[in-house]
Amino acid sequence: MSAAPTAPASPPARKKAPVGTLYRGREGMWSWVAHRVTGVAIFFFLLVHVLDTSLVRVSPEAYNEVIGTYKNPVMGLGEAGLVAAIVFHAFNGIRLILVDFWAKGPKYQRVMLWVVIGLFVVTMAGFLPRHLMHVFGGE
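Keep in mind it's a predicted model, so treat the numbers as computed, not measured. (Residues numbered from 1 in each chain as written. Predicted model: local features only at pLDDT ≥ 70, side-chain atom pairs only at ≥ 80, totals over all residues. Heavy atoms only, no water.)

This brings us to the overall build of the protein chain. Along its length, the protein chain carries 4 helices and 0 strands. Helices (α) and strands (β) of the protein chain occur, in sequence order from the N terminus, as α-α-α-α. Within the protein chain, the proportion of its 139 residues that are buried is 19%. Of all intrachain contacts in the protein chain linking residues separated by at least 6 positions in sequence, the fraction that spans at least 24 positions is 64%. (Helix = DSSP H or I, 4+ residues; strand = E, 2+ residues; numbered from the N terminus. Buried < 20%, exposed > 50% of the residue type's maximum accessible area, 1.4 Å probe, protein only. Contact = heavy atoms within 4.5 Å.)

What follows is about the UniProt feature "transmembrane region" (unreviewed entry) in the protein chain. What UniProt calls "transmembrane region" (unreviewed entry) maps, in this numbering, to residues 33-51, 80-99 and 111-129. Taken end to end, residues 80-99 is 100% helix and 0% strand, and its two terminal C-alpha atoms sit 28 Å from one another. For residues 111-129, the helix share is 100%, the strand share is 0%, and the end-to-end C-alpha distance is 28 Å. (UniProt positions renumbered as here; feature names shortened; annotations may be inferred.)

This part takes up the packing of aromatic side chains. In the structure shown here, the tally under the stated rule is 3 aromatic pairs. Taking the centre distance of 6.4 Å and the plane angle of 85° together, the rings of F88 and F120 count as edge-to-face. Here the residue F88 occupies a position in helix 3 (residues 73-101), and F120 occupies one in helix 4 (residues 109-135), the gap between them amounting to 32 residues. For F88, a relative accessible area of 12% gives the class buried. The class for F120 is partly exposed, based on a relative accessible area of 23%. Ring plane angle 20° and centroid distance 5.8 Å describe the contact between W102 and Y108, whose orientation is recorded as stacked. On the basis of relative accessible area, W102 is assigned to the partly exposed category, the value being 38%. Accessibility expressed as a relative area gives 31% for Y108, which makes it partly exposed. (Phe/Tyr/Trp six-rings, centres within 6.5 Å; stacked < 30°, edge-to-face > 60°.)

This is the structure we're talking about:
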């Protein structure tokens, strides 16, 4: 008796991720990462700010000494970085609110990210020249 011919085994089907639902490697992923990083940086700044400001109650002289150490170009650049983190975090936070609560938000999330980047660049372009002149003695 001869057995019926069997069909050749086909390779296992790969599961494809639904298009448009994953951020991996795209703009949405990087804005997510940047939002988390800027949020953590702002948190640590606020922690240090509360601690150094509380020194005024302990010893006004110690407070003045700590604040005096902040008046150097390295800290001036740090202030520029802090402003950049706050500006991006704020604009991107508005974008995230729109993505979450606006029915068309997910459809336009990429466009809104480019708007956030544009607003960030315009805001920082207005802030940085004046701030850096102050930091490096241009005033």
